[in-house]
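# Descriptive structure summary
Now for the letters of each chain:
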Amino acid sequence: MMMQHVFPTYNRFPFEIVSGNGFKLTDNKGMTYLDFTSGIGVCGLGYNVSKLNEAVEKQLGKVWHTSNLYESSLQESVAKKLGEAHGMIASFCNSGTEANEAAFKLARRATGKSEVLAFDHSFHGRTYGSLSLTGNDGIKEGFGPLVPGVSFAKYNDFAALDEINDQKAAVILEVVQGEGGVVVGDASWLKAVEEKAHEAGALLIIDEVQTGMGRTGKLFAFENFELNPDIVTVAKGLANGIPVGAMLGKKELAKFFGPGTHGSTFAGNPLAMAAADVVLDELNTEFLKGVSEKSDFIKFLLEQKVKNIDAIESISGFGLMIGIHLKETVDVSKVVSMLQDKGLLTLSARDNTLRLLPPLIMPASELMAGIEIITETLENILVA
Ligand SMILES: *Cc1c(COP(=O)(O)O)cnc(C)c1O
């Protein structure tokens, strides 16, 4: 099938995934895959999860949609589980880009300033505000003029601190850049950016859309670095695949987002909230500890067995977010296809990176099996 009735904004692989179970997916030709994508960092708890199915089905039989004109105990519950530990409250939306739009708006309104500092190779979404905050010129081409007031600095570079001045409403960053090629922030740099932002009266916005929801072994990746952001955005993994997003912000910011200042018809939809409520219960301390242990194991495996393969330039990652940077002469999209033929689904990212985002529930044995397929495939690639 060639898709003819949908805008060709995506290069699609020539198969359709028709069902899933746990960490396995099956396509329309009956081929089964081990999944190292989680639907781009979304289905951390895997597919066809009975606890989630039950929660959503139960809500499905009650009411699908109520609008935000009435109280919602589900929203209250999800917001509490997300933000309470960090003194934050939530504003719900339906995607990552919307969460960053809300963050951008709130930062301007709360500080009375308009400028934002973002970073090269960042990704924050594709609507105008978040596209304007995204450090990738390629995806902005032809869409200008963008939102004014945004400038960019080099990630992990201390010279960026000089760009943070009292004109800035906010500094926005990912603690691990995902689309940017799985670039991990240096702990001391992240801390210095936070300190400088707060000194300058700018809010620190951390985009946890990809890194959040347990991906790095903590609920939020910033917890690994003991950072203290003013605003945090989440989406992808929050409801394990039901569209949802949230902006979390310090309680003190509530007065700048009063009635009528922001909103969305679908935001905090009961089906999404029913799923998110269960997801957040599942991501308990013990589960997160398991994610950390598995990622330590994978890191060890990659160091020992994979790193020295000819086709590989370097390996980066944090938790179950891994980047295998291939040599310039190796075509990453070809590698992704080759792995598909061997029953493994993977992703690519900037800088010729083979990106791995396996479901968080995947046992170590299956993670090992996937790494084995990658090893075997990369070992057999001739590097020019
Ligand atoms: C995916 C992503 C977004 C955008 O989320 P959408 O739901 O696609 O709008 C924003 N920030 C980061 C870090 C992401 O990975």
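Within each chain, residues carry numbers counting from 1 in the order of the written sequence. A pLDDT threshold of at least 70 governs which residues receive local features in this predicted model, and a stricter bar of 80 or more applies before side-chain atom pairs are shown or counted, although totals over entire chains, interfaces and linings include all residues. Computation of side-chain values: all heavy atoms of the structure, hydrogens and water removed.

What follows covers the domain arrangement of the protein. What fixes the domain bounds is an automatic or database domain assignment. Taken domain by domain, the protein holds domain 1 (17-49 + 286-379) and domain 2 (51-282). Between two residues, a contact is recorded if the distance between any of their heavy atoms is within 4.5 Å. Of the residues lining the interface, 31 residues belong to domain 1; the matching set on domain 2 comes to 29 residues. Carbon and sulfur atoms make up 59% of the surface buried where domain 1 meets domain 2, a total of about 2400 Å² over both sides. Buried area counts how much accessible surface, traced with a 1.4 Å probe, disappears from two parts once they are put together, with both parts' losses summed. Three residues stand out in domain 1 for area buried against domain 2, namely Phe318, Met321 and Arg350, and they jointly supply 30% of the buried area on that side. Salt bridges are defined as contacts in which a side-chain nitrogen from Lys or Arg sits within 4 Å of a carboxyl oxygen from Asp or Glu. One can count one salt bridge joining domain 1 with domain 2.

In this section: the UniProt feature "modified residue: N6-(pyridoxal phosphate)lysine" (unreviewed entry) in the protein. Using the residue numbers shown here, the UniProt feature "modified residue: N6-(pyridoxal phosphate)lysine" (unreviewed entry) corresponds to Lys236. Each residue's exposure class comes from its accessible area (1.4 Å probe, protein chains only) as a fraction of the maximum for that residue type: buried when under 20%, exposed when over 50%, partly exposed otherwise. Judged by its relative accessible area of 23%, Lys236 is partly exposed. Aside from chain neighbours lying at most four places away, what touches Lys236 is Ile40, Gly41, Val42, Val209, Gln210 and Gly241. UniProt positions are given in the numbering used here, feature names are shortened, and annotations may be inferred rather than shown by experiment.

On to the side chain of Asp230. If you trace the backbone, Asp230 turns up in the loop between strand S10 (203-207) and strand S11 (231-234). Asp and Glu are treated as the negative residues and Lys and Arg as the positive ones, with His and the ends of the chain left uncounted. Nearest to the buried, unbridged Asp230 among oppositely charged side chains is Lys250, at 6.5 Å. Under the rule applied, a polar contact is a pair of N or O atoms within 3.5 Å (in protein, one hydrogen donor and one hydrogen acceptor; residues adjacent in sequence only if both atoms are side-chain atoms). For Asp230, the side chain forms a polar contact with the main-chain nitrogen of Leu204, separated by 2.7 Å. In contact with Asp230, not counting residues within four places along its chain, are Met88, His198, Ala202, Leu203, Leu204, Leu248, Gly249, Lys250 and Leu253. The secondary structure listing takes helices from DSSP runs of H or I that are at least 4 residues long and strands from runs of E that are at least 2 residues long, numbered from the N terminus.

All right, on to the pattern of salt bridges then. Overall, the coordinates contain 11 salt bridges when judged by the stated rule. When the shortest N-O distance is used, the salt bridge between Lys51 and Glu282 registers 2.9 Å. Of the two residues, Lys51 is situated in helix H2 (residues 50-60) and Glu282 in helix H7 (residues 270-282); the sequence distance between them amounts to 231 residues. In this structure, the salt-bridge partner of Glu293 is Lys289, at a minimum N-O distance of 3.6 Å. Separated by four residues within a single helix, Glu293 and Lys289 lie in helix H8 (residues 285-306), roughly one turn from each other.

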